[in-house]
Amino acid sequence: MNSYDNRQSDESYMRDALRLAVKAYEADEVPVGAIVVRAGKIIGRAYNQIELLKDATAHAEMLALTQAEAVVADWRLIDCDLYVTKEPCVMCAGALVHVRIRRLIFGCADPRSGAAGGRRIMILETYIFVHVVEKNHALACHRVMKRAARILGDQ
Ligand SMILES: [Zn+2]
């Protein structure tokens, strides 16, 4: 796969993640969607379900990683990539390190609580390759977050 193909699939997987973020938004959750991809196949997909499950750890990334672990029947996700609409928090960034994810692709930065290159904490910086996708997707992610922030308030 050349870098152009790679970029194309990054965009298409990020679009899938965005669709999940919209689902979270519609369910009055903080709108974050995440997808785990292995060898061109989606093996985990989730959106935030903190309110639904009454579980502060039910972030989209955590749920998608758990699904992927079940599919590969291993806690190691060394040949998997995670696509998420927003920069992961400390908990999710830590989980990505633990599962040994190959690559993280996130849509928009989270200057307040991001831990993958955000302003204060950079857990992932030395562990895995962090890549921010095309600007238009970043903007789309920001739009979804902004809309949700208006309705949900600053949670
Ligand atoms: Zn998180």
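All values reported here derive from a predicted model rather than from experimental measurement.

Undergrad: Could you give an account of the overall build of the protein, naming the residues involved and the relevant values?
TA: Within the protein, the regular secondary structure consists of 5 helices and 5 strands. Mapped in sequence order, the helices and strands of the protein form the string α-β-β-α-α-β-α-β-β-α. Long-range contacts, defined here as pairs at least 24 residues apart, represent 57% of the contacts in the protein between residues at least 6 apart.

Undergrad: Please set out helix H4 (residues 90–99) residue by residue, giving values where relevant.
TA: Considered for burial, the residues of H4 that qualify are Cys92, Ala93, Ala95, Leu96 and Val99. In an axial view of H4, the angular spread of the buried residues amounts to 160°, which keeps them on one side of the axis. Among the structural elements, helix H3 (60–72), strand E3 (80–86) and strand E4 (103–108) are those in contact with the buried residues of H4. Trailing H4 by a residue or two, Arg100 shows a phi angle of about 60°, which is positive.

Undergrad: How would you sum up the pairing of strand E2 (residues 41–47)? Please name residues and give values.
TA: Examined bridge by bridge, strand E1 (residues 33–38) and E2 share 6 bridges and lie antiparallel to one another. Residue pairing across strands places Ile35 opposite Arg45, the latter belonging to E2. Following E1, the chain reverses through 2 residues before pairing antiparallel with E2; Ala39 in that reversal takes a positive phi of roughly 50°.

Undergrad: Describe in detail the nonpolar core, supporting the description with residues and values.
TA: Ala17, Ala34, Val36, Ala60, Ala64, Leu82 and Tyr83 are the most contacted members of the largest nonpolar core, which totals 38 residues. With 8 residues, the single largest contributor to this core is helix H1 (residues 3–26).

Undergrad: Describe the packing of H3 against H4, and please don't skip the residues or the numbers.
TA: Closest axis-to-axis distance for the H3/H4 pair is 10 Å, and the angle between their directions is 20°. Classified by the angle their axes make, H3 and H4 are roughly parallel. In the crossing of H3 with H4, the sense of the turn from one axis to the other is left-handed. On H4, the residues that touch Glu61, Met62, Leu65 and Glu69 of H3 are Cys92, Ala95 and Val99. Of the residues assigned to the contact of H3 with H4, the class counts are 5 nonpolar, no polar and 2 charged.

Undergrad: Can you lay out the confidence of the model for the protein for me, pointing to particular residues and giving the numbers?
TA: Where the model shows low pLDDT, its predicted coordinates should not be examined in detail. In the predicted model, the protein carries a mean pLDDT of 82, and the fraction of residues at 70 or more is 72%. The secondary-structure element of the protein with the lowest mean pLDDT is strand E5 (residues 129–132), recorded at 53, while H3 shows the highest, at 98.

Undergrad: Any chance you could break down unusual backbone geometry for me, citing the residues and the numbers?
TA: Non-glycine residue Ala73 carries a positive phi angle of around 55°. Following the sequence through the fold, Ala73 ends up in the loop between H3 and E3. Positive phi values are uncommon outside glycine, yet Arg100 reaches one of about 60°. Judged by C-beta crowding, with 14 C-beta atoms within 10 Å, Arg100 ranks as partly exposed.

Reading guide: rules and limits
- Residues numbered from 1 in each chain as written.
- Predicted model: local features only at pLDDT ≥ 70, side-chain atom pairs only at ≥ 80, totals over all residues.
- Helix = DSSP H or I, 4+ residues; strand = E, 2+ residues; numbered from the N terminus.
- Contact = placed C-beta atoms within 7 Å.
- Buried ≥ 20, exposed ≤ 12 C-beta atoms within 10 Å, placed from the backbone.
- Arc of directions from axis to C-beta.
- Pairing = 2+ DSSP bridges.
- Core = buried A, V, L, I, M, F, W, Y, C linked by C-beta atoms within 7 Å.
- Axes fitted to C-alpha atoms, helices over the stretch in contact; angles between N-to-C directions.
- Parallel < 35°, antiparallel > 145°, perpendicular 65-115°, else oblique.
- Left-handed = near helix turned anticlockwise from the far one by under 90°.
- Nonpolar A, V, L, I, M, F, W, Y, C, P; charged D, E, K, R; others polar.
- pLDDT = per-residue confidence, 0-100.

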